[in-house]
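# An overview of the molecular structure
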Amino acid sequence: MKVEKITETEFRKMILISSKRLNNNAEFINSLNVFPVPDGDTGTNMSLSFASGEKYVSESTATSVGELANSLAKGLLMGARGNSGVILSQVFRGFSKSVAKKESLNAKELAGALQGGVETAYKAVMKPQEGTILTVARKAAEAALKTATKTDDVVEVMKATYEAAKAALETTPELLPVLKEVGVVDSGGQGLTFVYQGFYDALAGNERTEEIHTPSPVEMDEMVNAEHHKSAQSQLHTEDIQFGYCTEIMVRLGAGRLVEKEFDYDEFRGYLAQIGDSLLVIADDEVVKVHVHTEHPGQVLSYGQKYGSLIKVKVDNMRLQHETILEKDEDERVAENINEKNEPKEYGIIAIASGDGVADIFKHLGVTHIINGGQTMNPSTKDIVEAIEKTNAKKVIILPNNKNIFLAAQQAAEVSEAEVEVVLSKTIAQGMSAMLGFSEAATLAENKEAMTAELGEVLSGQVTIAVRDTTIEGREIKKDDYMGIIDGKITVTGPDRKQVALEMTKEMLDEDSEIVTIIYGQEGSSAEAEEIAATLEKLDPDLELEIHSGGQPVYPYLISVE
């Protein structure tokens, strides 16, 4: 089928199909992340980013491709999450600029727009690296330009674009050694390839069977924690909660002394549906994971044991949680109202962090606003812009505390009306250390310089769990082993969490070390943190040891050495 022009109708279809393609394959893209830590969220970030763009397009009444492309670019900009989402937004920002006044697109204009996207994306990245999404975008655009000189059929141009993207994707392991070692292609490049596949299918009228991936236990946690328990609950009344206990279990099928029957998904789900709501059941051949709201959590646990052993149990009283949320939301509303009435403050400082304890430490250090986010919940550009506005400050400093948030933070700084600087803190520890360099009396530039200088004064260690088997830099890592990561490099692995934390911390210490801070998270414990500290004190009695409850997800322990 030959198509010589992309009109409004075709363009809307291209965006819609590509958005669905990314959404359906988000978990597959997540699985391609190099490090086996529970932050493999490239697919999630790209899917949410593109979905924001698709929403802007669907709500637009424009009839020209140029105007729709502008809506797509704006939606992507505001919804961009993580580095992959920000780079994707830049690709379509450049695309949009190239077609700004076009009613429709012919083959050469389509190819030119794809090339415009490449140029904008490369400029947006401080140090462009080949073997990434940038390579895939560039090779795809080159093929589009070449094909457009031979045909006026936009279907053929898009086909060549998609096929070149696939071919370039396969070369990414040769260009980026870490990809080759782990045996995966670049996750961001894979996401862009799905987008171009969607464009091609929309123009060609292809019907492709969607590949839908079953969420992993980690992804299940993200869905439950990030989406299900948002403080939109403030719209409810506590007495209206019918099922009061948020109950989560993970069952290893066939194991345990109480097993009575073989697992049947429909039967299992059917029983739980009768005793609660908000039910999610994810299963594979070995494990079933459940999230349900119920009045009878004990029944859920007992029923799970009929099929296997309980390897994870979590029960929360949602009525108590809801009352806490109402109190917190009311406090925030009061604070916002006060801010609206007051004159703008001189400084606002924003930190991205997860965990109430971590947030409290940042506030104690002088941070004025916390964005709940981090490894598995990268805030969007829009989230950060809204936080900047809430500071009611003339000058704002942002601490991303995660390198995957750098670009979104910088993009928010660019579009904000306030004076904003981003201090490139890669970890929670670096963010806290940076606060030691802040002075209310200094200029914004002086504060950025002083706070940036503090980043090098601390070593950051993180303990987390491997979500798959892999090999990185010659180190064999087993699924469910704990990993000690020092400033982004995996240095210690093993099955014993405390031992991994100790060995990692020992590698961080030297003769100049003075202070060790241990922040234990949701999967860590105060008792174990005390044991780690006691062992370290025996090694070096002169060390000053601090222990804090951080409440952070993903990382049982965050350990810093100064």
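Above this note sits the structure.
Not measured: the values here are computed from a predicted model.

## Quick look at the pattern of salt bridges
The full count for this structure, using the stated rule, is 18 salt bridges. Taking the shortest distance from any N to any O, the salt bridge between Lys 448 and Glu 421 comes out at 3.2 Å. Here Lys 448 is found in helix α19 (residues 444–454), whereas its partner Glu 421 is found in strand β8 (residues 419–422), with 27 residues between them in sequence. Residues participating in the shared-partner salt-bridge network are Lys 2, Glu 4 and Asp 152.

## Some words on the sheet that holds β8
Backbone-to-backbone hydrogen bonds pair the strands of a sheet. The strands run either parallel or antiparallel. Spatially, the 4 strands line up as an open sheet ordered β6-β5-β7-β8, and their pairing is parallel. Two strands close off the open sheet at either side, each with one partner strand: β6 (369–372) and β8. The average undirected angle you get between the axes of adjacent strands in this sheet is 20 degrees. One ladder, built from 4 bridges, connects strand β5 (residues 345–353) with β6; its direction is parallel. From the neighbouring strand, Ile 350 faces β6, where its bridge partner is His 369.

## So, the packing of aromatic side chains
Centre distance and the angle of the planes are the two values used to describe a pair of aromatic rings. Evaluated as defined, the whole model comprises 14 aromatic pairs. With a centroid separation of 6.0 Å and 75 degrees between ring planes, the pair formed by Phe 92 and Phe 199 is classed as edge-to-face. Taken as a pair, Phe 92 in helix α5 (residues 82–98) and Phe 199 in helix α10 (residues 187–204) lie far apart in primary sequence, 107 residues in all. Exposure remark for Phe 199: the relative accessible area of 1% places this residue in the buried category. A centroid spacing of 6.1 Å and a plane angle of 25 degrees characterise the contact between Tyr 162 and Tyr 200, whose relative ring orientation is stacked. On the criterion of sequence distance, the pair formed by Tyr 162 in helix α8 (residues 154–175) and Tyr 200 in helix α10 is long-range, its members being 38 residues apart. By relative accessible area, Tyr 162 is classed as buried at 8%. Taking the relative accessible area as the measure of exposure, Tyr 200 reaches 13% and is therefore buried. Ring-pair connections join several aromatic residues into one group, and the members of that group are Phe 11, Phe 50, Phe 92, Phe 95, Tyr 196 and Phe 199.

## Considering the sheet that holds strand β15 (residues 544–549)
Read across the open sheet, the 6 strands follow the order β13-β12-β9-β16-β14-β15; overall the sheet is mixed. Of all the strands in the sheet, the pair left with one neighbour each is β13 (489–494) and β15. Strand-to-strand, the axes of this sheet are offset by a mean angle of 20 degrees, without reference to chain direction. Two elements, strand β9 (residues 459–465) and strand β12 (residues 482–486), share 5 bridges in a ladder whose sense is antiparallel. Bridge pairing in β12 links Val 463 to Gly 484.

## Focus: the environment of Ile 472
Among the structural elements, Ile 472 can be located in strand β10 (residues 470–472). Note on Ile 472: relative accessible area 6%, which makes it buried. A sequence separation of 292 residues divides Ile 472 from Lys 180, and the C-alpha atoms of the two residues are 9.8 Å apart.

## Some points on a negative patch on the surface
A surface patch of negative charge is lined by Glu 457, Asp 510, Glu 511, Asp 512, Glu 514, Glu 544 and Glu 562. Inspection of the secondary structure puts Glu 514 in the loop between α20 (497–508) and β14 (515–520).

## Side note on the packing of helix α7 (residues 133–148) against α10
If you want to describe how two helices pack, look at the angle between their axes and the distance between the axes. Viewed as axis vectors pointing N to C, α7 and α10 meet at an angle of 35 degrees, and their least axial separation amounts to 7 Å. Counted together, Ile 133, Val 136, Ala 137 and Ala 140 of α7 and Gly 188, Gly 189, Leu 192, Thr 193 and Tyr 196 of α10 form the full contact between these two elements. Residue classes in the contact of α7 with α10 are distributed as 6 nonpolar, 3 polar and no charged.

## What to know about unusual backbone geometry
In this structure, Asn 401 takes a positive phi of about 60 degrees despite not being glycine. In this fold, Asn 401 is placed in the loop between β7 (393–399) and α17 (406–415). Backbone geometry at Val 554 places phi at a positive 70 degrees, although glycine is not the residue there. By the secondary structure assignment, Val 554 is in the loop between β15 and β16 (557–561).

The rules behind these values
- Residues numbered from 1 in each chain as written.
- Predicted model: local features only at pLDDT ≥ 70, side-chain atom pairs only at ≥ 80, totals over all residues.
- Heavy atoms only, no water.
- Salt bridge = Lys/Arg side-chain N within 4 Å of Asp/Glu carboxyl O.
- Helix = DSSP H or I, 4+ residues; strand = E, 2+ residues; numbered from the N terminus.
- Pairing = 2+ DSSP bridges.
- Axes fitted to C-alpha atoms, helices over the stretch in contact; angles between N-to-C directions.
- Phe/Tyr/Trp six-rings, centres within 6.5 Å; stacked < 30°, edge-to-face > 60°.
- Buried < 20%, exposed > 50% of the residue type's maximum accessible area, 1.4 Å probe, protein only.
- Patch = residues over 30% accessible without salt bridge, like charges linked within 9 Å, V, L, I, M, F, W, Y side chains within 5 Å.
- Areas by Shrake-Rupley, 256 points an atom, 1.4 Å probe, with all protein chains shown as cover.
- Lys, Arg positive; Asp, Glu negative; His and termini not counted.
- Charge placed at Lys NZ, Arg CZ, Asp CG, Glu CD.
- Contact = heavy atoms within 4.5 Å.
- Nonpolar A, V, L, I, M, F, W, Y, C, P; charged D, E, K, R; others polar.

Structural measurements only, silent on function.
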